[in-house]
Amino acid sequence: MSDLSIGGSCDTRFAPVRQAFEANFGDLDEVGAALSVRVAGRVVVDLWGGWLDAERSRDWQADTLVNVYSVGKGVLSLLVLCFVERGVVGLDEPVSQVWPEFAAEDKHTITLRQLLSHRAGLPAVRPRLPEGAMLDWQRMCAALAAERPWWTPDSAHGYHVNTFGYLIGEVIRRASGLPIGEALRRTLTGPIDADFHWGLPAARHAAVARVIAPDMSLTTEEQWARAFPPTGDREQDQMVWHTYFNPSGLSGIGSVNTAPWREAAIPSTNGHASARAVAALYGAALISDGPGPGRSLLREATRIHSDGADRVLGRPSRFGLGFQLPSPERPIGPNAAAFGHYGYGGSLGFADPEADLAFGYVMNRPGDRWQTPRTKRLVDAVYACLA
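In this text the structure is predicted, and so the values were computed from the model without any measurement. (Residues numbered from 1 in each chain as written. Predicted model: local features only at pLDDT ≥ 70, side-chain atom pairs only at ≥ 80, totals over all residues. Heavy atoms only, no water.)

> Describe the sheet that holds strand E2 (residues 32-39), with residues and values.
As a general point, the strands of a sheet are linked pairwise by backbone hydrogen bonds and lie either parallel or antiparallel. In space, the 6 strands of this open sheet follow the order E1-E3-E2-E11-E10-E9, with antiparallel pairing throughout. The sheet terminates laterally at strand E1 (6-10) and strand E9 (339-342), the two strands that pair on one side only. Going from strand to strand, the sheet's axes swing by 5° on average, the running direction of each strand aside. Sheet topology note: the strand E10 (residues 348-352)/strand E11 (residues 357-363) ladder contains 5 bridges and is antiparallel. Bridging across to E11, Gly349 finds its partner in Gly360. Against the sheet, helix H2 (residues 71-85) makes contact with E9 and E10, and its axis sits at roughly 145° relative to E9, the strand it touches most. (Pairing = 2+ DSSP bridges. Helix = DSSP H or I, 4+ residues; strand = E, 2+ residues; numbered from the N terminus. Axes fitted to C-alpha atoms, helices over the stretch in contact; angles between N-to-C directions. Contact = heavy atoms within 4.5 Å.)

> Any chance you could break down helix H5 (residues 163-176) for me, citing the residues and the numbers?
With 14 residues, H5 extends 20 Å from end C-alpha to end C-alpha; this agrees with the ideal 20 Å at 1.5 Å per step. Extensive coverage of H5 is indicated by the burial of 10 of its 14 residues. Buried residues of H5: Thr163, Phe164, Gly165, Tyr166, Leu167, Ile168, Gly169, Glu170, Val171 and Ile172, and no others. The inward-facing, buried residues of H5 contact H2, helix H3 (112-116), helix H4 (137-146) and helix H6 (180-192). Positive backbone phi, at 80°, marks Gly177, one or two positions downstream of H5. (Expected span 1.5 Å × (residues − 1). Buried < 20%, exposed > 50% of the residue type's maximum accessible area, 1.4 Å probe, protein only.)

> Got a sec to walk through unusual backbone geometry? Specific residues and values, please.
Cis peptide bonds are those with omega within 30 degrees of zero, and the linkage from Asn246 to Pro247 qualifies with 5°. Among the secondary structure elements, Pro247 is positioned in the loop between helix H8 (234-245) and helix H9 (259-263). Even without a glycine there, the phi angle at Tyr69 is positive, about 50°. Secondary-structure assignment places Tyr69 in the loop between strand E4 (66-67) and H2. Tyr69 gets classed as buried once you look at its relative accessible area, which sits at 7%. For Asp356, which is not glycine, the phi dihedral falls at a positive 50°. Along the chain, the position of Asp356 falls in the loop between E10 and E11. Assessed through its relative accessible area of 33%, Asp356 is described here as partly exposed.

> Break down the packing of aromatic side chains for me, with residues and values.
For the structure on display, the rule yields 14 aromatic pairs. Aromatic side chains Trp224 and Trp241 sit 6.3 Å apart centroid to centroid with 50° between the ring planes, which places their arrangement in the tilted category. On the criterion of sequence distance, the pair formed by Trp224 in helix H7 (residues 221-227) and Trp241 in helix H8 is long-range, its members being 17 residues apart. By relative accessible area, Trp224 is classed as buried at 0%. Among the aromatic residues, those joined into a ring-pair cluster are Trp224, Phe228, Trp241, Tyr244 and Phe245. Just above the ring of Trp150 sits the side chain of Arg126; from NZ or CZ to the centre is 3.9 Å. Geometry around Tyr342 places Arg330 over its ring, the cationic atom sitting 4.1 Å from the centre. (Phe/Tyr/Trp six-rings, centres within 6.5 Å; stacked < 30°, edge-to-face > 60°. Lys NZ or Arg CZ within 6 Å of the ring centre and 35° of its normal.)

> Which residues make up helix H10 (residues 275-285), and what are the values?
Structurally, the α-helix is built with 3.6 residues per turn, so residues lying three or four positions apart point the same way. For H10, the tally of buried residues reaches 10 of 11 residues, placing the bulk of the element in the interior. Along H10, the positions that sit buried rather than exposed are Ala275, Ala277, Val278, Ala279, Ala280, Leu281, Tyr282, Gly283, Ala284 and Ala285.

> Go over the pairing of E9, please, and point to the residues and values.
Because side chains alternate across E9, one face comprises the buried residues Phe339 and His341, and the other comprises Gly340 and Tyr342, equally buried. The sheet contact formed by E9 and E10 spans 4 bridges and is antiparallel. Paired with Phe339 across the two strands is Ala351, which belongs to E10. The turn joining E9 and E10, which pair antiparallel and follow one another in sequence, is formed by 5 residues; a positive phi near 85° is taken by Gly345.

> Report on the nonpolar core, specifying residues and quantitative values.
Of all hydrophobic cores here, the largest spans 77 residues; its most connected members are Leu79 and Phe196. Contributions of two or more residues to this core are made by H2, H3, H4, H5, H6, H10, helix H11 (295-301) and E11. By residue number, the principal contributor to this core is H2, which donates 10 residues. (Core = buried A, V, L, I, M, F, W, Y, C linked by side-chain atoms within 4.5 Å.)

> Quick rundown of the side chain of Arg126? Include the residues and the values.
When you line up the elements, Arg126 lands in the loop between H3 and H4. In this structure Arg126 comes out as buried when scored by relative accessible area, which is 13%. At a separation of 2.6 Å, a polar atom in the side chain of Arg126 contacts the side chain of Glu147. Excluding anything up to four places from it in sequence, Arg126 contacts Glu147, Arg148, Pro149, Trp150, Glu235, Gln238, His242 and Asn246. (Polar contact = N/O pair within 3.5 Å; in protein donor to acceptor, adjacent residues only side chain to side chain.)

Below you can see the structure in the form of C-alpha coordinates.
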(Lines give C-alpha, C1' and ligand atoms only; values in the text may rest on other atoms or scores of the structure.)
Protein backbone atom coordinates (compact mmCIF):
# COMPACT_ATOMS: atom_id res chain seq x y z
CA MET A 1 0.00 0.00 0.00
CA SER A 2 1.34 3.43 -0.95
CA ASP A 3 1.24 6.43 1.37
CA LEU A 4 -1.43 9.07 0.87
CA SER A 5 -0.50 11.48 -1.88
CA ILE A 6 -2.44 14.64 -2.78
CA GLY A 7 -1.93 15.94 -6.30
CA GLY A 8 -3.07 18.99 -8.18
CA SER A 9 -3.16 22.67 -7.35
CA CYS A 10 -4.96 25.11 -5.09
CA ASP A 11 -5.04 28.91 -5.12
CA THR A 12 -3.51 30.29 -1.90
CA ARG A 13 -6.83 31.95 -1.03
CA PHE A 14 -8.37 28.47 -0.96
CA ALA A 15 -5.69 26.77 1.13
CA PRO A 16 -8.32 25.82 3.77
CA VAL A 17 -10.11 23.82 1.08
CA ARG A 18 -6.99 21.73 0.53
CA GLN A 19 -6.78 21.23 4.30
CA ALA A 20 -10.41 20.07 4.37
CA PHE A 21 -9.80 17.73 1.43
CA GLU A 22 -6.81 16.16 3.21
CA ALA A 23 -8.71 15.96 6.51
CA ASN A 24 -11.40 13.81 4.89
CA PHE A 25 -8.79 11.10 4.42
CA GLY A 26 -7.56 11.43 7.97
CA ASP A 27 -10.75 11.34 10.02
CA LEU A 28 -13.65 10.52 7.68
CA ASP A 29 -12.23 7.45 5.93
CA GLU A 30 -12.03 8.89 2.43
CA VAL A 31 -10.34 6.34 0.14
CA GLY A 32 -10.05 8.09 -3.21
CA ALA A 33 -11.45 11.43 -4.33
CA ALA A 34 -11.08 14.51 -6.47
CA LEU A 35 -12.32 18.07 -6.08
CA SER A 36 -12.55 20.87 -8.62
CA VAL A 37 -13.81 24.41 -8.00
CA ARG A 38 -14.17 27.31 -10.41
CA VAL A 39 -14.88 30.91 -9.45
CA ALA A 40 -15.70 33.47 -12.14
CA GLY A 41 -14.59 30.93 -14.73
CA ARG A 42 -11.16 30.40 -13.18
CA VAL A 43 -10.04 27.09 -11.67
CA VAL A 44 -9.12 27.82 -8.06
CA VAL A 45 -9.06 24.25 -6.74
CA ASP A 46 -8.03 21.14 -8.68
CA LEU A 47 -7.12 18.34 -6.27
CA TRP A 48 -7.05 14.57 -6.27
CA GLY A 49 -5.73 11.98 -3.90
CA GLY A 50 -6.00 8.59 -2.30
CA TRP A 51 -6.51 5.29 -4.04
CA LEU A 52 -8.52 3.63 -6.79
CA ASP A 53 -9.35 0.51 -4.78
CA ALA A 54 -10.19 -0.73 -1.30
CA GLU A 55 -6.78 -2.40 -1.04
CA ARG A 56 -5.18 1.04 -1.56
CA SER A 57 -2.77 -0.43 -4.07
CA ARG A 58 -3.22 2.08 -6.93
CA ASP A 59 -2.99 5.84 -6.58
CA TRP A 60 -5.74 8.18 -7.78
CA GLN A 61 -4.45 10.11 -10.80
CA ALA A 62 -5.28 13.39 -12.52
CA ASP A 63 -7.28 11.53 -15.19
CA THR A 64 -9.04 9.05 -12.89
CA LEU A 65 -12.74 8.56 -13.57
CA VAL A 66 -15.36 7.17 -11.21
CA ASN A 67 -19.06 6.34 -11.33
CA VAL A 68 -20.82 9.48 -10.09
CA TYR A 69 -24.35 8.08 -9.84
CA SER A 70 -27.04 10.80 -9.73
CA VAL A 71 -24.63 13.65 -10.38
CA GLY A 72 -25.45 12.64 -13.96
CA LYS A 73 -29.05 13.80 -13.55
CA GLY A 74 -27.90 17.40 -13.36
CA VAL A 75 -25.74 16.94 -16.46
CA LEU A 76 -28.66 15.30 -18.29
CA SER A 77 -30.84 18.25 -17.34
CA LEU A 78 -28.30 20.68 -18.79
CA LEU A 79 -28.25 18.59 -21.96
CA VAL A 80 -31.99 18.42 -22.54
CA LEU A 81 -32.30 22.15 -21.85
CA CYS A 82 -29.86 22.74 -24.70
CA PHE A 83 -32.30 20.98 -27.03
CA VAL A 84 -35.20 22.96 -25.58
CA GLU A 85 -33.23 26.16 -26.24
CA ARG A 86 -32.78 25.13 -29.88
CA GLY A 87 -36.45 24.35 -30.32
CA VAL A 88 -35.81 20.65 -30.91
CA VAL A 89 -38.24 19.72 -28.12
CA GLY A 90 -40.64 21.74 -25.96
CA LEU A 91 -41.02 21.73 -22.21
CA ASP A 92 -44.80 21.80 -22.33
CA GLU A 93 -45.42 19.63 -25.36
CA PRO A 94 -46.69 16.07 -24.74
CA VAL A 95 -43.80 13.62 -24.71
CA SER A 96 -45.84 11.39 -27.02
CA GLN A 97 -45.33 13.92 -29.83
CA VAL A 98 -41.74 12.71 -30.20
CA TRP A 99 -42.25 9.28 -28.59
CA PRO A 100 -45.64 7.96 -29.78
CA GLU A 101 -45.44 4.66 -27.84
CA PHE A 102 -45.28 6.69 -24.62
CA ALA A 103 -48.98 7.56 -24.95
CA ALA A 104 -49.97 4.06 -23.72
CA GLU A 105 -51.87 3.78 -20.42
CA ASP A 106 -53.32 7.28 -20.78
CA LYS A 107 -49.91 9.02 -20.65
CA HIS A 108 -50.58 11.14 -23.74
CA THR A 109 -50.73 14.41 -21.76
CA ILE A 110 -47.47 13.98 -19.81
CA THR A 111 -44.98 16.71 -20.73
CA LEU A 112 -41.21 17.00 -20.63
CA ARG A 113 -41.61 19.54 -17.82
CA GLN A 114 -43.41 16.91 -15.74
CA LEU A 115 -40.72 14.30 -16.46
CA LEU A 116 -37.98 16.71 -15.45
CA SER A 117 -39.69 17.70 -12.21
CA HIS A 118 -40.30 14.06 -11.16
CA ARG A 119 -44.07 14.49 -11.47
CA ALA A 120 -44.88 11.91 -14.16
CA GLY A 121 -45.51 8.99 -11.79
CA LEU A 122 -43.03 6.67 -13.52
CA PRO A 123 -40.28 5.89 -10.98
CA ALA A 124 -40.49 2.13 -11.58
CA VAL A 125 -41.66 -0.66 -13.86
CA ARG A 126 -44.23 -3.09 -12.43
CA PRO A 127 -43.43 -6.30 -14.39
CA ARG A 128 -40.28 -8.05 -13.16
CA LEU A 129 -37.48 -7.57 -15.66
CA PRO A 130 -34.62 -10.04 -16.09
CA GLU A 131 -31.26 -9.41 -14.44
CA GLY A 132 -29.15 -7.07 -16.54
CA ALA A 133 -32.10 -5.56 -18.43
CA MET A 134 -30.93 -2.08 -17.37
CA LEU A 135 -28.08 -2.48 -19.88
CA ASP A 136 -30.58 -2.73 -22.76
CA TRP A 137 -31.70 0.80 -23.65
CA GLN A 138 -34.52 -0.22 -25.97
CA ARG A 139 -35.94 -2.73 -23.51
CA MET A 140 -36.00 -0.26 -20.64
CA CYS A 141 -37.58 2.49 -22.74
CA ALA A 142 -40.20 0.11 -24.12
CA ALA A 143 -41.08 -1.02 -20.59
CA LEU A 144 -41.48 2.58 -19.44
CA ALA A 145 -43.55 3.51 -22.48
CA ALA A 146 -45.94 0.65 -21.66
CA GLU A 147 -46.09 1.42 -17.91
CA ARG A 148 -49.10 2.81 -16.06
CA PRO A 149 -48.27 5.77 -13.79
CA TRP A 150 -48.06 4.99 -10.07
CA TRP A 151 -49.92 8.21 -9.28
CA THR A 152 -51.94 10.72 -11.30
CA PRO A 153 -49.33 12.65 -13.29
CA ASP A 154 -48.62 16.16 -12.00
CA SER A 155 -50.65 15.58 -8.81
CA ALA A 156 -47.52 14.83 -6.74
CA HIS A 157 -43.82 14.25 -7.14
CA GLY A 158 -41.52 11.35 -6.40
CA TYR A 159 -37.84 10.96 -7.18
CA HIS A 160 -37.38 8.93 -10.38
CA VAL A 161 -34.16 7.44 -9.07
CA ASN A 162 -33.21 5.31 -12.07
CA THR A 163 -35.94 5.80 -14.67
CA PHE A 164 -35.23 9.54 -15.05
CA GLY A 165 -32.27 8.86 -17.30
CA TYR A 166 -34.12 6.57 -19.69
CA LEU A 167 -37.16 8.86 -19.87
CA ILE A 168 -35.26 12.08 -20.54
CA GLY A 169 -32.63 10.30 -22.61
CA GLU A 170 -35.22 8.74 -24.90
CA VAL A 171 -36.90 12.12 -25.43
CA ILE A 172 -33.50 13.46 -26.49
CA ARG A 173 -32.89 10.46 -28.75
CA ARG A 174 -36.29 10.70 -30.42
CA ALA A 175 -36.13 14.47 -30.87
CA SER A 176 -32.50 14.77 -32.00
CA GLY A 177 -31.85 11.38 -33.58
CA LEU A 178 -28.74 10.99 -31.43
CA PRO A 179 -28.05 8.25 -28.85
CA ILE A 180 -27.65 9.84 -25.44
CA GLY A 181 -23.87 9.39 -25.22
CA GLU A 182 -23.33 10.95 -28.64
CA ALA A 183 -25.75 13.79 -27.87
CA LEU A 184 -23.72 14.55 -24.75
CA ARG A 185 -20.41 14.56 -26.63
CA ARG A 186 -21.59 16.75 -29.48
CA THR A 187 -23.52 19.23 -27.39
CA LEU A 188 -21.76 19.65 -24.05
CA THR A 189 -18.64 17.68 -23.27
CA GLY A 190 -16.95 17.88 -26.68
CA PRO A 191 -16.93 21.70 -26.96
CA ILE A 192 -15.30 22.09 -23.52
CA ASP A 193 -13.29 18.84 -23.48
CA ALA A 194 -15.02 17.56 -20.33
CA ASP A 195 -14.23 13.97 -19.34
CA PHE A 196 -17.81 12.84 -18.59
CA HIS A 197 -19.34 9.77 -20.23
CA TRP A 198 -22.45 7.69 -20.62
CA GLY A 199 -21.15 4.58 -22.30
CA LEU A 200 -17.47 4.54 -21.38
CA PRO A 201 -15.17 3.10 -24.08
CA ALA A 202 -13.33 -0.04 -23.00
CA ALA A 203 -10.01 1.71 -23.60
CA ARG A 204 -10.74 4.03 -20.66
CA HIS A 205 -11.70 1.34 -18.13
CA ALA A 206 -8.20 1.15 -16.69
CA ALA A 207 -8.58 4.76 -15.53
CA VAL A 208 -11.74 4.01 -13.51
CA ALA A 209 -11.67 3.84 -9.71
CA ARG A 210 -13.56 0.93 -8.19
CA VAL A 211 -16.58 1.93 -6.15
CA ILE A 212 -16.21 0.51 -2.66
CA ALA A 213 -19.69 -0.85 -2.06
CA PRO A 214 -21.20 -4.25 -1.22
CA ASP A 215 -20.85 -6.70 -4.10
CA MET A 216 -24.25 -8.36 -3.93
CA SER A 217 -27.35 -9.05 -5.94
CA LEU A 218 -30.73 -8.14 -4.43
CA THR A 219 -33.31 -10.19 -6.29
CA THR A 220 -36.07 -11.14 -3.83
CA GLU A 221 -38.72 -9.22 -1.95
CA GLU A 222 -37.27 -10.55 1.29
CA GLN A 223 -33.96 -8.90 0.45
CA TRP A 224 -35.68 -5.70 -0.68
CA ALA A 225 -37.66 -5.56 2.55
CA ARG A 226 -34.42 -5.47 4.54
CA ALA A 227 -33.34 -2.41 2.58
CA PHE A 228 -36.77 -0.73 2.66
CA PRO A 229 -39.03 -2.20 5.38
CA PRO A 230 -42.65 -2.78 4.31
CA THR A 231 -45.12 -0.03 5.11
CA GLY A 232 -48.25 -2.16 4.96
CA ASP A 233 -49.23 -0.50 1.67
CA ARG A 234 -48.48 -3.13 -0.97
CA GLU A 235 -48.61 -0.71 -3.90
CA GLN A 236 -46.27 1.75 -2.18
CA ASP A 237 -43.85 -1.00 -1.17
CA GLN A 238 -43.72 -2.45 -4.66
CA MET A 239 -43.17 0.99 -6.16
CA VAL A 240 -40.20 1.72 -3.89
CA TRP A 241 -38.67 -1.75 -4.24
CA HIS A 242 -38.98 -1.72 -8.01
CA THR A 243 -37.62 1.83 -8.18
CA TYR A 244 -34.30 0.59 -6.82
CA PHE A 245 -34.15 -3.12 -7.66
CA ASN A 246 -36.13 -3.92 -10.83
CA PRO A 247 -34.23 -5.18 -12.73
CA SER A 248 -31.58 -6.56 -10.41
CA GLY A 249 -28.50 -4.36 -10.64
CA LEU A 250 -30.49 -1.29 -11.72
CA SER A 251 -29.00 0.94 -9.02
CA GLY A 252 -25.48 -0.38 -9.64
CA ILE A 253 -25.66 -2.84 -6.73
CA GLY A 254 -23.43 -5.75 -7.65
CA SER A 255 -22.85 -4.34 -11.14
CA VAL A 256 -21.17 -0.94 -10.77
CA ASN A 257 -17.61 -2.25 -11.15
CA THR A 258 -18.27 -4.45 -14.20
CA ALA A 259 -17.32 -3.75 -17.80
CA PRO A 260 -20.91 -4.10 -19.13
CA TRP A 261 -22.09 -1.49 -16.63
CA ARG A 262 -19.37 0.96 -17.63
CA GLU A 263 -20.05 0.50 -21.34
CA ALA A 264 -23.82 0.95 -21.05
CA ALA A 265 -25.70 4.24 -21.08
CA ILE A 266 -27.73 4.64 -17.88
CA PRO A 267 -27.82 8.44 -17.51
CA SER A 268 -29.47 8.53 -14.08
CA THR A 269 -26.90 6.27 -12.53
CA ASN A 270 -23.75 5.37 -14.46
CA GLY A 271 -22.07 8.56 -15.59
CA HIS A 272 -18.29 8.17 -15.35
CA ALA A 273 -16.49 11.42 -14.76
CA SER A 274 -13.70 13.40 -13.18
CA ALA A 275 -14.33 16.23 -10.75
CA ARG A 276 -12.80 18.56 -13.34
CA ALA A 277 -15.47 17.57 -15.84
CA VAL A 278 -18.34 18.07 -13.41
CA ALA A 279 -17.12 21.54 -12.42
CA ALA A 280 -16.42 22.43 -16.05
CA LEU A 281 -19.97 21.52 -17.11
CA TYR A 282 -21.52 23.62 -14.37
CA GLY A 283 -19.03 26.38 -15.07
CA ALA A 284 -20.12 26.40 -18.72
CA ALA A 285 -23.73 26.79 -17.57
CA LEU A 286 -22.79 30.08 -15.91
CA ILE A 287 -21.22 31.55 -19.06
CA SER A 288 -23.64 33.43 -21.30
CA ASP A 289 -21.89 32.33 -24.50
CA GLY A 290 -21.04 28.80 -23.33
CA PRO A 291 -22.42 25.56 -24.74
CA GLY A 292 -25.10 25.27 -22.06
CA PRO A 293 -28.65 26.66 -22.06
CA GLY A 294 -29.22 30.41 -22.01
CA ARG A 295 -29.75 32.48 -18.88
CA SER A 296 -33.52 32.87 -19.32
CA LEU A 297 -34.15 29.15 -19.70
CA LEU A 298 -31.76 28.35 -16.86
CA ARG A 299 -33.69 30.70 -14.56
CA GLU A 300 -36.87 28.84 -15.45
CA ALA A 301 -35.18 25.48 -14.90
CA THR A 302 -33.96 26.50 -11.44
CA ARG A 303 -37.37 27.74 -10.30
CA ILE A 304 -39.04 25.38 -7.79
CA HIS A 305 -41.29 22.94 -9.62
CA SER A 306 -41.64 20.21 -6.97
CA ASP A 307 -41.36 20.69 -3.24
CA GLY A 308 -42.34 18.86 -0.08
CA ALA A 309 -43.37 15.26 0.49
CA ASP A 310 -41.71 12.89 -1.97
CA ARG A 311 -43.77 9.82 -2.88
CA VAL A 312 -40.66 7.66 -3.40
CA LEU A 313 -38.16 8.93 -0.84
CA GLY A 314 -40.64 9.27 2.01
CA ARG A 315 -39.14 12.61 3.03
CA PRO A 316 -39.17 16.16 1.62
CA SER A 317 -37.36 16.91 -1.62
CA ARG A 318 -37.13 19.95 -3.88
CA PHE A 319 -36.57 20.00 -7.64
CA GLY A 320 -36.45 22.44 -10.51
CA LEU A 321 -36.35 21.04 -14.02
CA GLY A 322 -34.12 18.06 -13.25
CA PHE A 323 -31.91 19.91 -10.80
CA GLN A 324 -31.98 19.45 -7.07
CA LEU A 325 -32.50 22.82 -5.41
CA PRO A 326 -31.37 23.85 -1.91
CA SER A 327 -33.76 22.96 0.87
CA PRO A 328 -33.54 22.99 4.68
CA GLU A 329 -33.21 19.20 4.60
CA ARG A 330 -30.52 19.20 1.94
CA PRO A 331 -28.69 22.50 1.40
CA ILE A 332 -26.28 23.13 -1.45
CA GLY A 333 -24.16 25.82 0.13
CA PRO A 334 -25.66 28.94 1.71
CA ASN A 335 -27.24 30.59 -1.35
CA ALA A 336 -30.79 29.95 -2.50
CA ALA A 337 -29.93 30.29 -6.20
CA ALA A 338 -27.62 27.25 -6.27
CA PHE A 339 -28.63 24.28 -8.40
CA GLY A 340 -27.09 20.89 -9.15
CA HIS A 341 -27.33 17.28 -8.08
CA TYR A 342 -25.91 14.99 -5.43
CA GLY A 343 -24.88 11.44 -6.25
CA TYR A 344 -25.21 8.35 -4.10
CA GLY A 345 -22.97 8.56 -1.07
CA GLY A 346 -21.96 12.21 -1.36
CA SER A 347 -20.58 13.04 -4.81
CA LEU A 348 -21.82 16.47 -5.89
CA GLY A 349 -21.92 18.84 -8.83
CA PHE A 350 -23.50 22.28 -8.63
CA ALA A 351 -23.40 25.89 -9.75
CA ASP A 352 -24.08 28.99 -7.68
CA PRO A 353 -24.83 32.02 -9.87
CA GLU A 354 -24.71 34.38 -6.88
CA ALA A 355 -21.11 33.39 -6.11
CA ASP A 356 -20.24 32.69 -9.78
CA LEU A 357 -19.11 29.29 -8.51
CA ALA A 358 -18.98 25.81 -10.07
CA PHE A 359 -18.17 22.78 -7.93
CA GLY A 360 -17.40 19.12 -8.61
CA TYR A 361 -16.55 16.46 -6.01
CA VAL A 362 -16.26 12.75 -6.83
CA MET A 363 -15.13 9.79 -4.73
CA ASN A 364 -15.19 6.01 -4.60
CA ARG A 365 -16.31 5.25 -1.05
CA PRO A 366 -19.95 6.30 -0.74
CA GLY A 367 -21.11 7.49 2.64
CA ASP A 368 -24.67 7.66 3.91
CA ARG A 369 -27.25 7.41 1.12
CA TRP A 370 -28.09 11.10 0.95
CA GLN A 371 -25.87 13.01 3.37
CA THR A 372 -22.19 12.76 4.20
CA PRO A 373 -19.95 14.97 6.34
CA ARG A 374 -17.14 14.74 3.78
CA THR A 375 -19.16 16.68 1.21
CA LYS A 376 -20.39 19.23 3.72
CA ARG A 377 -16.87 19.88 4.97
CA LEU A 378 -15.66 20.66 1.44
CA VAL A 379 -18.62 22.90 0.53
CA ASP A 380 -18.34 24.79 3.82
CA ALA A 381 -14.61 25.32 3.30
CA VAL A 382 -15.13 26.73 -0.19
CA TYR A 383 -17.72 29.26 0.98
CA ALA A 384 -15.62 30.23 4.00
CA CYS A 385 -12.85 31.17 1.57
CA LEU A 386 -15.27 33.32 -0.44
CA ALA A 387 -16.52 35.22 2.59
